[in-house]
There are 2 protein chains.
Amino acid sequence: MPSEAVDNYLKAIYEIAGDDGRASTASLARKLSVAPASVTGMLQKLAVRNPAPVEYEKHHGARLSDHGKQRALEVIRHHRLIELFLHRMLGYSWDEVHDEAERLEHAISEQLEDRIAERLGDPEVDPHGHPIPRKDGTIPPRRDLSLLDLFVGAKTMVSRVSDNDPEILRYLSELGITPGTTLHLTERAPFDGPLMLEVGPDKEKHALGPRVAGEIRVVPPAANGETTG
Amino acid sequence: MPSEAVDNYLKAIYEIAGDDGRASTASLARKLSVAPASVTGMLQKLAVRNPAPVEYEKHHGARLSDHGKQRALEVIRHHRLIELFLHRMLGYSWDEVHDEAERLEHAISEQLEDRIAERLGDPEVDPHGHPIPRKDGTIPPRRDLSLLDLFVGAKTMVSRVSDNDPEILRYLSELGITPGTTLHLTERAPFDGPLMLEVGPDKEKHALGPRVAGEIRVVPPAANGETTG
DNA sequence: GAATTCTTTTAGGGCTGTCTAAATAAAATA
DNA sequence: TATTTTATTTAGACAGCCCTAAAAGAATTC
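For the rest of this paragraph, the subject is the interface of chain A and chain B. Opposite the 20 residues of chain A that make contact, chain B presents 20 residues. Counting the surface lost from both chain A and chain B, the interface buries some 1,900 Å², and carbon and sulfur atoms represent 55% of this. If you sort the residues of chain A by the area they bury against chain B, Leu90, Arg115 and Arg119 of chain A come out on top, with a joint share of 29%. Summed over the shared surface of chain A and chain B, the number is 2 salt bridges. Between arginine 115 of chain B and glutamate 96 of chain A there is a salt bridge whose closest N-O contact spans 3.3 Å. Counting across the interface, chain A meets chain B through 16 residue pairs in polar contact (both at pLDDT 80 or more). At the level of secondary structure, the elements contributing two or more residues to the side of chain A that touches chain B comprise helix H4 (66-90), helix H5 (94-104) and helix H6 (110-119) of chain A.

Encoded structure:
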């Protein structure tokens, strides 16, 4: 198992260069808040590990090997599952989840990862709309997500509404919530509490229970600011 | 903030010697799975830190200072809260919680500690009957605990039953569950599922929902085996 | 009280991951 | 192309935490 420091290098390379590009020494130094010389040293060591998680060429930065890519995605999966868990189960808000996940992602076991995923219903995207890598290393295609998965503050648009409960559908159209409607999630009570929404161009305020909110799918809001979330 | 290694030393001293005794080099080496020479080195360093978490006298082992005691209790609080959380919220069983908590206890923030505690209703004992130190460093007196807080496998005795729901009381006496009755928790479905119990000397099997189980208080089972749990 | 045994400490290293300062290579500019 | 600027690497060091081997102190036994 790679050390926490190594995992952070792999994650940083992935976030800077994706799964095929090269990350420069300087960009890694900036992202990891270490001196450039430290990055060089680490990359040199990683490149001769067996199996090597990175390919490294002097003066041309580092690229993830298949092995390194696998590991980076696993760490990112941990990170995003933890963020969603903190949000859904413990009332964390948008701005609070990242730092906490940053430390926990290195400390959870495979087993805990699995149970968290199960508890969340094997989610495919985090509340920012970032996809959560699957256990096999594939990445779910970006698509709409549940209103329940949004962080407070998000502005988005209804993409569809679950069609298996006519009563709920009737209720929603009374509120003016149909595909295409703009929504602004202004507040959320913790512990599966109600969501406060501003609906449509008139910004009508409505409170929605989690039961109902779970049936509403919205387009992923643009991910802005933080990059890992 | 002390390093993870330091926290483990402080916790080990507390577990070996309590909050006033001295822990020997050898006992610490055994508990932490390191060489005795490593323990000596660490204790010497800790004793000259400022503020120093331990008092150390050559050949006479180490004792926690007030400062060190405070920190040890904080780590133990983390550990036990996490164990209870994994058990109650994620379906972990007795034997699974310890190792997971051992790593997570170093990674959670004060904020997460608080939210976990809140979510669990500020519990005072973990499922083994070990008290959970409070935030101020005091330790709750040992007393009975909820049947919900028991781990699978525990054998115990009913100490009292909540008296504010006569219907539940009637139901329980039908099952033969009254103060003094012995109970063996044989099984527990995850995610707030039902508990399977063997009741009384005849070991009658009954399934109890969490609603009802929450009303039953039992004496803490003897803590055996693991010491941190 | 002396000898033996057990425990603890000292001495000297190793590994990981970081740093600064100086050297070198690559890129940009004149 | 020559020069300057910027990015990267090398060299040498250090802190934290661990190790083994050998020395020294404490406890036990004779």
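This part is about the packing of aromatic side chains. According to the stated counting rule, one finds 1 aromatic pair over all chains in the structure shown. Consider the rings of phenylalanine 85 of chain A and phenylalanine 85 of chain B, whose centres lie 6.1 Å apart with planes at 90 degrees: the pair is edge-to-face. Placement of phenylalanine 85 of chain A in helix H4 and of phenylalanine 85 of chain B in helix H4 (residues 66-90) is noted, with the two residues assigned to different chains. The positively charged end of arginine 115 of chain A is found above the aromatic ring belonging to tyrosine 92 of chain B, 4.6 Å away from the centroid.

Let us look at the nonpolar core. Counting residues in hydrophobic clusters, the biggest one holds 38 residues, and the most contacted among them are Phe85, Leu90 and Leu112 of chain A together with Phe85, Leu90 and Leu112 of chain B. For this core, the secondary-structure elements that each account for two or more residues are H4, H5 and H6 of chain A together with H4, helix H5 (94-104) and helix H6 (110-119) of chain B. Here phenylalanine 85 of chain A is in contact with Leu90, Ile116 and Leu120 of chain A together with Phe85 and Leu90 of chain B, once residues within four sequence places are set aside.

In the structure shown here, the tally under the stated rule is 35 salt bridges over all chains. Salt bridges sharing partners connect three or more residues here, namely Arg77, Glu110, Glu113, Asp114 and Lys135 of chain A.

Gln44, Tyr56 and His59 of chain A together with Ser3 and Ser38 of chain B are the nearest of the 20 residues found near DNA strand D. Counting only the atoms of DNA strand D within 4 Å of the protein, the fraction contributed by sugar and phosphate is 80%. In this structure, tyrosine 56 of chain A approaches DNA strand D through a side-chain N or O atom, which is 2.3 Å from a phosphate oxygen. The side chain of serine 3 of chain B places a nitrogen or oxygen atom 2.3 Å from a phosphate oxygen of DNA strand D. Mapped by element, the contributors of at least two residues to the surface near DNA strand D are helix H2 (25-32) and helix H3 (36-47) of chain A together with helix H1 (4-17) and helix H3 (36-47) of chain B. The residue makeup of the surface near DNA strand D, split by class, is 10 nonpolar, 8 polar and 2 charged.

Rules used throughout
Residue numbers restart at each chain and count upward from 1, following the sequence in its written direction. The naming scheme follows written order: chains are lettered A onward, ligands numbered 1 onward. It should be noted that, the model being predicted, local features are given only for residues of pLDDT at least 70 and side-chain atom pairs only at 80 or more, the latter also being counted only at that level, while totals for whole chains, interfaces and linings use all residues. With hydrogens and water stripped out, all remaining heavy atoms of the structure feed into the side-chain values. In what follows, residue pairs with any heavy atoms lying within 4.5 Å of each other are defined as contacts. Put simply, buried area is how much 1.4 Å-probe accessible surface two parts lose in total, over both of them, once they are put together. Salt bridges, as used here, are contacts in which a Lys or Arg side-chain nitrogen is within 4 Å of a carboxyl oxygen on Asp or Glu. Polar contacts here mean pairs of N or O atoms no more than 3.5 Å apart (in protein, one a potential hydrogen donor and the other a potential acceptor; neighbouring residues in sequence count only if both atoms are side-chain atoms). To qualify as a helix, a DSSP run of H or I must reach at least 4 residues; to qualify as a strand, a run of E must reach at least 2; elements of each kind are numbered from the N terminus. Between the rings of Phe, Tyr and Trp (Trp by its six-membered ring), a pair exists once the centres lie within 6.5 Å; its type follows the angle of the planes, with under 30 degrees stacked, over 60 edge-to-face, and the other angles tilted. For a Lys NZ or an Arg CZ to count as sitting over a ring, it must be within 6 Å of the ring centre and within 35 degrees of the ring normal. Note on terminology: a nonpolar core comprises buried Ala, Val, Leu, Ile, Met, Phe, Trp, Tyr and Cys residues joined through side-chain atoms within 4.5 Å. Exposure is judged per residue with a 1.4 Å probe applied to protein chains only, and the accessible area is read against the type maximum: over 50% gives exposed, under 20% gives buried, and values in between give partly exposed. The nearness test applies per residue and asks whether one of its heavy atoms lies within 4 Å of the molecule or strand. Amino acid classes used here: Ala, Val, Leu, Ile, Met, Phe, Trp, Tyr, Cys and Pro are nonpolar; Asp, Glu, Lys and Arg are charged; the rest, including Gly, are polar.

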